[in-house]
Every structure is written in structure tokens, then in C-alpha cells.
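Here are the chains, one letter per residue:
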Number of protein chains: 4
Amino acid sequence: MNYSNQHTDMSVFENLESSVRSYSRSFPTIFERAKGHELWDVNGNSYIDFFAGAGALNYGHNHSDMQERLIEYIQSDGLLHSLDMATGPRAEFLQTFHDVILEPRGMDYKVMFPGPTGTNTVESALKIARKVTGREKVVTFTNAFHGMTIGALSVTGNAFKRHGAGIPLTYSMAMPYDDYMDGFDSLNYLEKMIEDDGSGIDLPAAVILETVQGEGGINAASFEWLKKVEELCQRHGIFLIIDDVQAGCGRTGTFFSFEKAGISPDVICLSKSISGSGLPMAITLIKPDYDQWGPGEHNGTFRGNNLAFVTASEALKYWKSEEFSTSIQKKSEIFQKRLHEFVESYPELEGEVRGRGLMLGIASEKPGLSGQIAERAFAGGLIVETSGPDDEVLKFLPPLIIDEEAITKGLDIIEDSIKAVLGKEEAKV
Amino acid sequence: MNYSNQHTDMSVFENLESSVRSYSRSFPTIFERAKGHELWDVNGNSYIDFFAGAGALNYGHNHSDMQERLIEYIQSDGLLHSLDMATGPRAEFLQTFHDVILEPRGMDYKVMFPGPTGTNTVESALKIARKVTGREKVVTFTNAFHGMTIGALSVTGNAFKRHGAGIPLTYSMAMPYDDYMDGFDSLNYLEKMIEDDGSGIDLPAAVILETVQGEGGINAASFEWLKKVEELCQRHGIFLIIDDVQAGCGRTGTFFSFEKAGISPDVICLSKSISGSGLPMAITLIKPDYDQWGPGEHNGTFRGNNLAFVTASEALKYWKSEEFSTSIQKKSEIFQKRLHEFVESYPELEGEVRGRGLMLGIASEKPGLSGQIAERAFAGGLIVETSGPDDEVLKFLPPLIIDEEAITKGLDIIEDSIKAVLGKEEAKV
Amino acid sequence: MNYSNQHTDMSVFENLESSVRSYSRSFPTIFERAKGHELWDVNGNSYIDFFAGAGALNYGHNHSDMQERLIEYIQSDGLLHSLDMATGPRAEFLQTFHDVILEPRGMDYKVMFPGPTGTNTVESALKIARKVTGREKVVTFTNAFHGMTIGALSVTGNAFKRHGAGIPLTYSMAMPYDDYMDGFDSLNYLEKMIEDDGSGIDLPAAVILETVQGEGGINAASFEWLKKVEELCQRHGIFLIIDDVQAGCGRTGTFFSFEKAGISPDVICLSKSISGSGLPMAITLIKPDYDQWGPGEHNGTFRGNNLAFVTASEALKYWKSEEFSTSIQKKSEIFQKRLHEFVESYPELEGEVRGRGLMLGIASEKPGLSGQIAERAFAGGLIVETSGPDDEVLKFLPPLIIDEEAITKGLDIIEDSIKAVLGKEEAKV
Amino acid sequence: MNYSNQHTDMSVFENLESSVRSYSRSFPTIFERAKGHELWDVNGNSYIDFFAGAGALNYGHNHSDMQERLIEYIQSDGLLHSLDMATGPRAEFLQTFHDVILEPRGMDYKVMFPGPTGTNTVESALKIARKVTGREKVVTFTNAFHGMTIGALSVTGNAFKRHGAGIPLTYSMAMPYDDYMDGFDSLNYLEKMIEDDGSGIDLPAAVILETVQGEGGINAASFEWLKKVEELCQRHGIFLIIDDVQAGCGRTGTFFSFEKAGISPDVICLSKSISGSGLPMAITLIKPDYDQWGPGEHNGTFRGNNLAFVTASEALKYWKSEEFSTSIQKKSEIFQKRLHEFVESYPELEGEVRGRGLMLGIASEKPGLSGQIAERAFAGGLIVETSGPDDEVLKFLPPLIIDEEAITKGLDIIEDSIKAVLGKEEAKV
């Protein structure tokens, strides 16, 4: 059917959908199609994508090979929905993930399908850490974002989202992330709080963290800090859970975001881009010794989203060589160079460049400024969002497959938007 | 690709997947394709489906119209993943759901997309009830099942699944479901506990319930009981949340399971078959006055699974007339008649027929018996599972589009399995 | 000093004390002295005591022997405050309690001094039950009252008092007390909820109960029910905690309230009348196997109130023979006979006689009536209070040493008050 | 009676009392009498008191005037136990406390009697803060000690004591106390965590703190830090609760420990020495605007310990002039001078002098050393205990009425004990 003829304005959303809707407010148009790093709306406008489905579209929109695989599979009457029964695509994914990702990295993990979303994998990770250790509390960090169900929300920092719980969120202990305050060694502090028997901080079941915090404002922990966190966890029998939902799947330049830190998390959470195509999927990786689940002790209806498995295996082809990883690094450099130029050229931004790989941002100390730039950029044909507790960070998450030309074009729109918002004459948007 | 050539035994699951896997243990074969009410495995065996993806496949597998819509949409480069941005399929679903489901029933609700799974919609329902009432506790019922994330698990009854939380589950107060004990008016009891200022039961934010409990053992509440629960809730300003994830979408004979009870829940949870195709999707219906969310106060990466929206709108065509509903009722009668015959013919079962519509079961007081019948039935070419706290209920959830011939064939397999398990000579399976 | 000259009206309380004060509102006079079952205020009015310090003065006010012991001890420069250091009075109490109470009853318990109040002993009981079982939840009963600190308040039923916590009270599961609803076997229900793996009721660490609920409305559990609760607890490894703070120390006719039920609780809480004189004191009795505390794992500044120990040992002399117990039973019969006459003679009361021993009450279904009778009785020279969730029970807790003449005189005042409140002409008060 | 004849060894405690007993292990003798700063055991040994009932005996043992008042009151048949009914001693205390303590300091507070122990006043403080603010979480500090009931224990730091709860302790957020880590501005950190909407630290109902932490290791917060905490609280509508149970009643040199900090707490907790005599008593001071209790919303059997009121009023006489305060300061200087000499003379102690007023300590980095000194000192005739998470602090809490000669004598015993433990030849003990 031709949806575009049916719906050409936003009224249906305004009238029928809950007030909780958010992105359709920031980007108030109906999107019709998308390919690679580009989207088109029903009015024929095109947009460069610096958003990538909040990190769920690392391989871009509608990759042709994936489309082909999907259509083949549908035409073969393959099972779309299979709970956690055995199907070809599930087997293929397990094998490919093992062969392409785990084995070459010397990683030994069991793969759990916890339900198809990021919050599902986080909940499963917290559950297994608590079950195995017999402890309840979890150390989380300032500006962490782990999900919206009660277990995951409890370890999330954002006050507005926490407030939505309607109940006190407990069992978590918020600690300062790397570089949280100038001149303050947050790791020393965490160590002392955990080791001091008088601190009031109970020995935790787990430490959960993102190596680069996305929603929290593009804060990248140093590899050294990560390594020290791991050592602290090991010393005390605390699970180290890496939530790689947004930073994983190549976003920071390597498949897992923590590879260069040389750490070996006890549990790893993956979702967003793991399906390759933006279809709902999540996995939880658990060290074999800790895979102490009883059959069905955690379950869920949509653990068997076979279309997602089909594209997930296809996406893993990108990781058969070093090439993809290298290309991300190269694009990151180009991107970062330009961002630094912005910060220097426009001191009114009071800006700071943040991030790693293609998970980048400019934090501005001027209240509201980043939001204005994003709004202006959208008008100019670029999709970009803000993050951070006060939406103070302009956040760049382009598809990893974006080409340099599009990066440049997108950043030109950003520069024009900066100029426009700062009131510089030469703004073109 | 041809998955069947790649994976022909269960070893990949045994070696690489977490021990939490469950259905691949009950049904230890690799499924290759499926259509309507039938599945085929890689060894060429066919199976009648009395399971329907635990209720996620009410319209059967791979409905041809839905397949066509999916392929068209993929080929048009339509957005697969869109968070909660505006797209044609999202608009189309909102409009169709309004026109076909809500308006004809005189129902006024805002539609929230809480993330694509049952536990997401339950978590969102609990959150909004708590936020609006300013209270924390929720009344839940014996043998309730609402999901596996901490918020939903707190209101779930099953001890094994609760244990998996690794933390004490609080904020819920378990009350006896309709007919929980012989000669005990559970509603009177609930009423007294809520109204008695000395009971120790705090005034709850909400009562959450399934009108027919699926995982809990196919317990159907009477419409009279449901009506009384609603009255109690209204009298005290308590939210009535109907979790129609499994019982909704026609499973009990009407689109919503509570239509014949004449009640008007404050919040309704739908998932499983709402997408029509088994693709992950969920919605939360909230009375407009209670839709007090701030933008983004609850969010999630996979709120915009457009393939699911495409098939969801297609599936709603079934509800444009009364015909589908009538057919379910008719099949239910056929089905129930035969189940009653089983119970009478095989008193060794110590069986009891339960359920409503095509959500049926035989509870057996003989420990382990239902599981043995299900296992035998699988060997005979039928997929059927058990439920209840002790897996004592043989649970029948055929696709609603199943034909009478298949029902009969499936029930023949059941009867043979019963005979075999009971040691009757004439068993053929 | 002569306090009576200094303070002759209530203004100092009205001006300087918190609004939380309560009994000085019900009994708005300044009490000057008291002896046995009688009190006098600064205006020279005398009052018969049917209240006994809410059960803390079972042996009456200012027992002459106890006064003598106190003065001797003070004059000897004995330690008043000793934490849990060793002192003569502490040793003497331990030995006497063992010799007079525990040994003759064949009871083997360790004595813990948990701090000098009822809520302290309850908190210590809950802690040891949870520590030893490794479980968290506790079954409590409708209309239970166990104290006002968060642990004890969590297992208390009263909504007004629970509300004062300011936080959701969790870890408790409220169950119906014996005879909670007509024709409802509350024990069967409890048993089913605990044994049903789908009930949503987690296996508890403990069941805590009062054998006669004081604050909850003078509800006396049958000995048969108590015995069955004990059996249920033993079958499942659940701690049985008897909170004998109000019903113990002879209040119901035997030293422990549960003696005639033939049960052997795992933990017993005593306070109120344990010091004999109304001085703050509490003990927790723990079966030796469960006395798994580390030194100082629970502590408190006022565990060594030696004046209380001095009178506590003195009070235990009452229990050296059966005489005291017999006298309580006899007075109870006299008391109950008259209460039944009231209920019959004044049907307008819609009254019901409740209780056991000298822990008695008349529950009236007429809202506010019991409070009016108590108020009138105070004007007539009798101190009596109400209890129950709606203050619907006129509660009689005379000192156990009261004589028959005073009982009669007090009950005459009650009868006059009933008449006055019901508008009968012959009322004299 | 003569207790000393009855009990001359520790066997009764070893056989009959719970394993939780602690001080009777550190000080294994039976104490017979005490006067001022001195105690005598049943074997005729005398001890100087540097412990003062853990701060409950600031005015020393058995003050003659207090003894006289107690005996007079007992002989007058005054009510010993009165719940919260009006009595002369209660009125007298309220008036005297107002006239001598509150009014001269320009302080306007309502007085609540929350039950007679420190943990009762802390629980009542937390309750009113939560009730008035409608928030649940409370900021507490490293090494805080507030009590052993669940509410108070939740805001206590000590891991061993927290473990005794048997449930996860929640609703509290532990923050670093003043000077917790070298070169770390703990107040800046607290401020940032509270003001940062992404920190994961929910806006608290209250901050609770001791100005000098007793059990936590004699850590004295600077007045500047206290003032800044107050400012932070006021800026955000957070209750400031000062737990002055141990540091109050003159212990640090002024009646309230915070007077010199110039702060005005919203709620103040007093217990321990408030009765003057070591008899159980506690009060909670609440700013009139926040005194939003309903009558009886918090209650307790032993809120009317009249013997304690009698001596409490007597004790307040010390505060009618500046003299007492001045004398404490002077003794503190003498005491501190000598402690500094110890640290300098015995570098093997690796000692640090801590504290304020007569709440002093020497922290030693040598594991176990402080405990050995205390043990040796007891053998030498001095009662002194250790505190801190690892019992690393030798804690000095002499009665405030101690004379200089006794201070010197006590410190001589300490010095001898240090020498003995360090293996110096000249040790005399």
C-alpha cells in the first residue's frame, strides 16, 4: 500500500498517540523511505542521518543485502516468530557470532536471548549477577542510561526518567563516572567506598557501565579507568557488566567498545545495532561459569525474532576483516578534526568535543544552545539529536557506513546551523 | 541462504546458547518453515500448531497478505526502524486501530508505544498508574504472569521466575484470583482487605489482572467477578489495568478479552498478536485523562518496528466484521466439547477443562501427566505446551484461523497421547 | 520537688509539645500519683485504672516492694545505666527468669536485651529470623500491631500509622487473622498461599503474630489456630515469632499468652510489663540454635536499665506459684460475665465481647460509640481506652492485681457511661 | 537485696544470655556501684570511667542531687510510667528545657517524645522529614551511626551492623563525610551529585548527620562544612537532621554540638545523656512548621519514663550559666594536649588525635593496637573503648563532670598501657 497518500501531516499522532511521544516532536515530519545514511519524508525532503536510530542503525538504513535476505526468508515461509525454539536463522546467528566475533577475540561466553530490547538485556544481566553473587546492590555511574523497565531504570541516572517510575528506585548506588569532577580521582573514591567497612556502601553484586555514555552526554571513560574498574571488581568478586547496547557493534571503532581497554567483562549487553537492520534484537553474553540460569528462569515472547537474526548474521560479515574497523577510525578522525575546528572557531559555543569512534558530541555550556542548533540543522536537512542531563550535548551518531562526502555535507549543515543560532550573518540555513 | 543445509542438529544451541533456553528443550528440532496452523522441521516432519507462539500468532504463521505487505514495504525502502518518529505504517496503524477497534466499541484511549514486548507494556502501565495516583503498591493475583523485567516480575506469581530476580520483589500484594479456593469469595476478601484500615494492605495504585490467566494455568475469571473488581477500583480511585497481552487480540472470542464483562479498564496492555505476524510489538492504551506522561518520560529504541506496524494494520482487517469473532466462538465450542469428552472418557486424568474462546486447557491433578502428554503429542506431530505453577495444565492455544479439520486432527493426536501415557493399548503414537 | 504546684493546667503541653501527643488529649489532666489500680490527678480527682499503661503495668502502679527495692538500689549507688555490661540486677534477672519462668515450663531460650522497648524486641526478632533463614519477607496478620520503627511498622496493619512512615513499607505480607471473615478458614488460605508456587507469596522468613491483638481490637486467636500456624511454620522452615509484648506477662492468664496452645515459638518478644514497674525494658527470647548473632551485631544504649531489672526480678515472684494465674482467671470470669450482661442489656450497643484473661473488650458496630463511652467514663473516674482500626473497641486492661471490688466499681462506671451515651435517663455520670 | 553475694562470676551471662552481648566481653567483670567518674566491681576493684555509658552519663554516675530527686519522687507515689499522659515531671522537663536550653539560644522547636532510645528519635526524625517533603531517600555519610532498627540502620554505615538487618537496606544514599579523603572536597561532590539531574542521586527528603561521629571513629566535621551542608539543604528544601544523640548534651563543649557552626537544623535528635542519669529517654526537636504529625501517628509505650524526666530537669541546672560549658572546654584542652604528646612520644602508634570537647580519640593505623591498649587499660583500672569501622580508634568519653586529677590519672593509665603494648620496659600496668 502507499502510506504516503494516506498520511501527510502530523495530526494522527497528535490526536491518537500518547503525550509520551518525543522524536516526532523534534523531527515533525512523516518519513517515507531511507537508504544508507539518508532519509526522505513524504514531502520529498531529504535528510542526512547523524542519528542512526539512536545507534540502532550502525550499518545504515535498508542495506541491500539485508533486504534481499529478508525477502528470501519471508518468501521461504521461514518462521518469523519462534520464541526460543530452534530455527535456522537462530542457529546461523549463534554460529556466525561465535566464529566472527567471539573466537577471534579469544572470548568465551554463552549467548542468551533475553527479549529483543536493550532494557531486556540489562535486566537479564542484573538478574544473573544478583543470582550468582547472592547480593542485591549494583554500582552504577553518574549519567548512566540503561533502560526504562524498573530494574534497568534503577541503575539509570536521569532524574526525569527516574521520576517516571512512580516508586522509589532502590538497590543501586550511584558513583562518579570517569572525569566526573575536575581533579577528582573517581576510581580512588569508588575503591575507598567499597573497601571501607564503614562507608554505608554495601558490597555490590555488580558494577554496570557504558564505556561511552550516550544518553548521558557522550562521556568516554579512559581505557585506564576501565581497566582499574575491572581490577577492583575482580578483587572483590563483583560482576563487571558492560552495557554495550549503544557503544557496541562498532560504534566506537571496534566491535566491542572495550576491546582496547583489555578487559574481560563478566556479562556484556548488546542490542540496538546487533540485528544490523534496526529490527528488535538483543543478546546477553555471560561467562560460562556464571551461566547458572535454570531453563526458562528468564523468558519472553519475542526472543525469537527471526527476521532480526537473518540480518544480524548478514551484518557480521562486516567484521570478517579489519577493514571496517579501520574505516570507522578514519572517519572518526575526519569528524573530530572538524568538531574541534567548530569549537575553536566559535568560542561563543563554550564548546567541548567529546567521544570516541563515531560516537561524538559537542557539549556546550550555553543553556539551550545545542537544542537550537539541532532544530536548525533539521530544517537544513540533517537529523541530529541532543543528549546529556540538560540536553547540553549535540550528539553525532552517523551510520558507520556513511561516506566522507556525507560527513562533510552533514557537518557543513551543522556549521551553518551554529552560525545561524549564534547570529552570524553568513548562515545559509 | 539455505539455513537447513547449515544446521541439522541441536548441537549449536547446546554448545553456544545459555542454559536459560527452554522451548528448544521441549521441542528439540530445528523448525524450517511454517504456514497458517502448520510447521515443518528440517527433517521434513510436519506439526500442527496448538501453541501459536504462546499466543503471538493468533492469525497463524506467514499469512500471505501480510507477507506481501512486508515485501512491498521492504522493497520500497520504507524505514524499518524509526524510534517514535512519524512514519506511514505507524500513522496507518494508529488510524486503523482507532477506526476498527476503538471507535466501534465506544472506547476512548490514547495509544502509547512502550517498546515492543509484553513486559514493556506492563511496565509502562504500572508506571503511569503510580505516577497519576501517587501511590506505589499494586494488587496482583495468584498465578498472575505479567513479564520478566523487575517491575512486571514483581506482580508475577510464579516462585521459580520470581526467584530469578535475585532481589526481593516488593510493591505488590498478591490476592486470590476468582475461584482460587472452593467456596471462598475472593472478591469479598479483596474488598475487605482494601477497605479495612487495619488490614496492612496499603491502598494500591492499581489492580492488574489477566481475564484469563495463560501461564498461570488457563484460569478464566467470570465476567461478574471482573465487573465487581472494576466497581471496587472505581470506588477507591484505584487504576484497573487489564493485561490483555495473551488473552487479547481475539484469543477469547472478542478483540479484547473483557468486552463481555462490560468493563472499562483505565489502562490496557496489548502485545503478542497485536502485530498480526509475530513480529515484536506492544501498545499501552491509556484513558485520555490519565495520559499524563511528559514527552520521553518513558522511551525505548524499538518503539518503531515498522514491519510490525505494516502487518498489524493488515491483521486488523479481520475485525471489520463480526465474522471472525463468531468463527472463534464456534471453534471454541467444538474444541471444548472434545476436551470434556476426554475428561469423561479418561477419568485417570483427574482432569478439569478450563478456559474461554481458544484459550483452553485440561488441568490434571496427576503430577507430571500433562507434560508427558505434551511430549508424546510432539512426537505425534503436534505442538502443545503446559502451564500452571506445577505445569499441571495442558494448554491449547491454536491459531484462531485454524480450520476445524486441523482442530480435530490435533485433538486426535492429543487423545492418542493420553491413551499412550495412560497405558491404554490402542494408542497409535 | 513538688511538681503539682508548678503545673496545674495543660498549657505547657499544648504550647511546647509536638502535635503527635495523644493520651494527654484523651485524658486531659495532670496525673500526680498512683498506687495499685488507682491514680490521682493534681485536682484531687481519683481514677480507677482499666488501662494499665497500655499493658505495661500488669502489677499495678508503685508496688510497695518494688519501690523499696528501687530506693535501696539507688541508695547503694548501684549502676543505673550499664549498656550490656555485667551488673548484679542483670545477673539476678537472668537467673530468676530462668528459674521461675523458663525452666518450670521446659523452655530453652537464650535471653537477648535488644533495647528497652517493644519495637526494639520486634526489630531484633525480625532481624534474627531473616539472618538465620536467609529470606526477607515476613507474614503478618490483619490488625497486627508490632511497633513504630520501620522494621516493626512494616509488619503493622494500621493504615494511619503506616502512612506515618513516609516510605512504602515492604517485606511484609498481610494475611487474614483467625476469624477475620465469617465462614472463612484463614489458616487454609494462608497454607495454600504459602504452598502454592504460583501464589506470588514468597516463602517467608517468619510469621509474626500476637495471640490476642491489643491495638488491633482485642482479637483472640483460638489455640487450635495457633497450633496449626506452628505446624505450618515447622513444615516449611519458617520462624514463628510470638509478639507477647502486650499479651504476655500474665495478661491473658498465664505468663506467656500461648502456653495453653501448646506451641513452642522460635522467637518470643516481651516488653511492657516485663520490668514489673512500668520502667522501660524488653527482652527477646531465641531458641539456642537460632541465637546466631555476632557480638554487638545488634546493640543499643539502653540495654542495661538496671532499675528495670531490679523491679523485674521482684515482679517474677508472682509467678513462683499457680496462685496469681488462678486469680487472673477468676477475675476474668467476673469481668466477662458483666460485659456479656452489658451487651445483652443494651442491644443498642450492637456489641460483641472479645478477649481472653484480663485483655478484654466490647466491640461496637456503632461508629464513635466506644469513644464516647470512654470519654464519659473518664469524667466518671475511670481510665479506659479504645482500640481497633476504627477505635470501635472499648478495651479493658486493668492491672492484674486489681481487686474484685475495683472491678465492680469500674464496670459500674462503664455501665453508667453506656447509659449516658445511649441517652438512658438513669445515667449517673 | 545484696546482688553482690548472688553473682560473683560471669557464668550466668555466658549460660543464659544471647551471643549478641558485647560489652560484658570487653569488660568481663560484674560492676557493683558507681559514683561520678568512678566504678567499682564486686571484687573491690575500682575503675576510672573514660566511657560514660557510651555518652549516656555526661553528668557522671549517681549524681547525689538526682538520686535525691528520684527517691523523693518514688516515695511520693509519682507515676513511673505514663505513656504520653500529662504528669508533673513531664511538664517540668518541657518548661525547663524551654527556659534553660531553647529560649536562651533563640531556638523555636516543638518537643516530641518518640520513645526512650536514640534509634526511636532517629526513626521519628526520618519519618517526619519524609512525610513533610513527600520524598523518600535520605543522604547519610560514611561512618555514620544512627541506630539499629531498620529505619535508623538504613542510614548507618557499618557493614557488620548493616548485615544484621537480613534485608537490603535502602532509601539511603551514602556520601563522603567531611575530610573523608585527603584533598577531596566532599561538600562540592555532594552538591554536584544533588544538583546534577543525571547523577542518579534522587532529591533527598533529608540529610542526616552527626557533627562528631562517635561510633564511626571520632570524626569531627568542621563548622564551615556544617554551615555549607545547611546552605545546600536550604537551597533544595532538604531537611537537615542533626543526630546529637552522642555529641549533644554538652559532650563537645556546648549543649548542642552544632552551636558554634551557627546552623539551625530542621530536626534535632537527643537521647543518651538527656535524662542526666542514664535512664532511658529521648526527644526529637522539630521546627514548628514541620510538626505535622497527627495525634498518635508515632507512638510508643515508654514515652513517659518519669524517673528520667525527674533527673533530666535536674541535669539542666548545669546549663543555667556558662560555667559548665567553660569547664568542659578547659578539660578538653588538658586532655588534648596530653593526647598530642602521646602521638608525638610514641610514633609507633602511627596515631592521630581526633575530636572536639570531651569526645576525643587517638586513631592508630596499626591494626588491633587500639584494642590492645583498651584491654590493657581495663586491667589497669580504666574503662575505655574503641570505635571506627576497624576498631582503630581509642575513644575517650569521660563524664563531663570529671575532675582534672582523674583525667590525669586516667591518661597515665593510658600511657602505661601504650608503653606496655608497644613493649616499652617502663610500663607499670
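The name given to chain A in an unreviewed UniProt entry is Diaminobutyrate--2-oxoglutarate transaminase, with the source organism recorded as Halobacillus litoralis. Under Sequence similarities (unreviewed entry), UniProt gives the following word-for-word description of chain A: "Belongs to the class-III pyridoxal-phosphate-dependent aminotransferase family." The UniProt entry for chain A carries the following text under Pathway (unreviewed entry): "Amine and polyamine biosynthesis; ectoine biosynthesis; L-ectoine from L-aspartate 4-semialdehyde: step 1/3."

Caption draft 1: Geometry of the pairing of strand β8 (residues 206-209) of chain C. Residues and elements named next belong to chain C. Burial along β8 is two-sided: the face carrying Ala 206 and Ile 208 and the face carrying Val 207 and Leu 209 are both buried. Pairing analysis gives four bridges linking β8 to strand β11 (residues 239-243), with the strands arranged parallel. Counted as the bridge partner of Ile 208 is Ile 241 from β11.

Caption draft 2: A look at the relation of the copies chain A and chain B. Note on the copies: chain A fits chain B at an RMSD of 0.0 Å, the axial shift is 0.0 Å, and the rotation between them is 180 degrees. One copy is carried onto the other by what is essentially a two-fold rotation axis. Of all interface residues in chain A, 100% are interface residues in chain B too; the two copies therefore contact each other through one and the same surface.

Caption draft 3: Representation of the pattern of salt bridges within the structure. Under the definition given, this model contains 96 salt bridges over all chains. In this structure, Arg 235 of chain A and Glu 195 of chain A form a salt bridge, with 3.1 Å as the shortest nitrogen-oxygen distance. Of the two residues, Arg 235 of chain A sits in helix α11 (residues 223-236) while Glu 195 of chain A sits in helix α10 (residues 186-195), which places them 40 residues apart along the sequence. Owing to a relative accessible area of 37%, Glu 195 of chain A belongs among the partly exposed residues under this scheme. One salt bridge in this structure joins Lys 287 of chain B and Asp 266 of chain B, with 3.7 Å as the shortest N-O distance. One end of the pair, Lys 287 of chain B, is in the loop between β13 (283-286) and α12 (306-315); the other, Asp 266 of chain B, is in the loop between β11 (239-243) and β12 (267-270), with 21 residues separating them in the sequence. When its relative accessible area of 11% is taken as the criterion, Asp 266 of chain B is described as buried.

Caption draft 4: Structural view of the side chain of Thr 29 of chain C. Mapped onto the secondary structure, Thr 29 of chain C falls in the loop between α3 (23-26) and β1 (30-35). Only 2.9 Å separates the side chain of Thr 29 of chain C from the side chain of Asp 41 of chain C, close enough to count as a polar contact. When near neighbours in sequence (up to four residues on either side) are disregarded, Thr 29 of chain C contacts Met 10, Asp 41, Asn 43, Tyr 47 and Phe 378 of chain C together with Ala 86 of chain D.

Caption draft 5: Region of interest: the interface of chain A and chain B. Listed as interface residues are 114 residues of chain A and, on the opposing side, 114 residues of chain B. At the boundary of chain A and chain B, one finds four salt bridges. The salt bridge involving Lys 35 of chain A is made with Asp 77 of chain B; its shortest N-O contact spans 3.7 Å. Across the contact surface, chain A and chain B share 46 residue pairs in polar contact (both at pLDDT 80 or more). A per-class count over the side of chain A that touches chain B returns 51 nonpolar, 38 polar and 25 charged. Alignment of strand β4 (residues 86-87) of chain A against strand β1 (residues 30-35) of chain B, held across two bridges, turns out to be parallel.

Caption draft 6: Broad picture of the domain arrangement of chain A. All names here are of chain A. If you check the domain split of chain A, you get domain 1 (3-63 + 322-422) and domain 2 (78-319). With centres defined by C-alpha atoms, the gap from domain 1 to domain 2 works out at 25 Å. Contacts between the two partners involve 32 residues from domain 1, matched on the other side by 34 residues from domain 2. Of all residues in domain 1, Tyr 59, Arg 356 and Met 359 bury the most surface against domain 2, accounting for 33% of the area lost on that side. Here domain 1 and domain 2 share one salt bridge between them. We note a salt bridge from Glu 215 to Lys 395, for which the minimum N-O separation is 2.8 Å. Looking at the side of domain 1 that touches domain 2, the elements that each hand over two or more residues are α4 (52-55), α13 (323-345), β14 (351-356), β15 (359-364), β17 (385-387) and β18 (393-396). Counting residues per element, the side of domain 1 that touches domain 2 draws most heavily on α13, which supplies four residues. In terms of residue class, the side of domain 1 that touches domain 2 is made up of 17 nonpolar, 11 polar and four charged.

About the cut-offs
- Positions within a chain are numbered from 1, following the residues in the order the chain's sequence is written.
- Chain letters start at A and ligand numbers start at 1, both assigned in the order the entries are written.
- Where totals are concerned, whole chains, interfaces and linings use all residues; where local detail is concerned, this predicted model gives features only for residues with pLDDT of at least 70, and gives and counts side-chain atom pairs only at 80 or more.
- Remark: hydrogens and water are excluded; side-chain values derive from all non-hydrogen atoms of the structure.
- UniProt positions are given in the numbering used here, feature names are shortened, and annotations may be inferred rather than shown by experiment.
- Think of it in three bands: residues with accessible area under 20% of the maximum for their type are buried, residues over 50% are exposed, and the middle band is partly exposed, with areas taken using a 1.4 Å probe on protein chains only.
- Numbering of helices and strands runs from the N terminus, with a helix taken as a DSSP run of H or I at least four residues long and a strand as a DSSP run of E at least two residues long.
- A pair of strands is treated as paired once DSSP finds two or more bridges between them.
- What sets the superposition is a least-squares fit of C-alpha atoms, and only residues with pLDDT of at least 70 in both copies go into it.
- Contacts between residues were defined by any pair of non-hydrogen atoms, one from each residue, lying within 4.5 Å.
- For this document, the term salt bridge refers to a Lys or Arg side-chain nitrogen within 4 Å of an Asp or Glu carboxyl oxygen.
- Pairs of N or O atoms within 3.5 Å make up the polar contacts considered here, provided that, within protein, one atom can donate a hydrogen while the other can accept it, and that residues adjacent in sequence are counted only when both atoms are side-chain atoms.
- Three residue categories are used. Nonpolar comprises Ala, Val, Leu, Ile, Met, Phe, Trp, Tyr, Cys and Pro, charged comprises Asp, Glu, Lys and Arg, and polar comprises the others, including Gly.
- Domain borders in the structure are assigned automatically or taken from a domain database.
- Once two parts are joined, some of their accessible surface, as seen by a 1.4 Å probe, is lost; buried area is that loss totalled over both.

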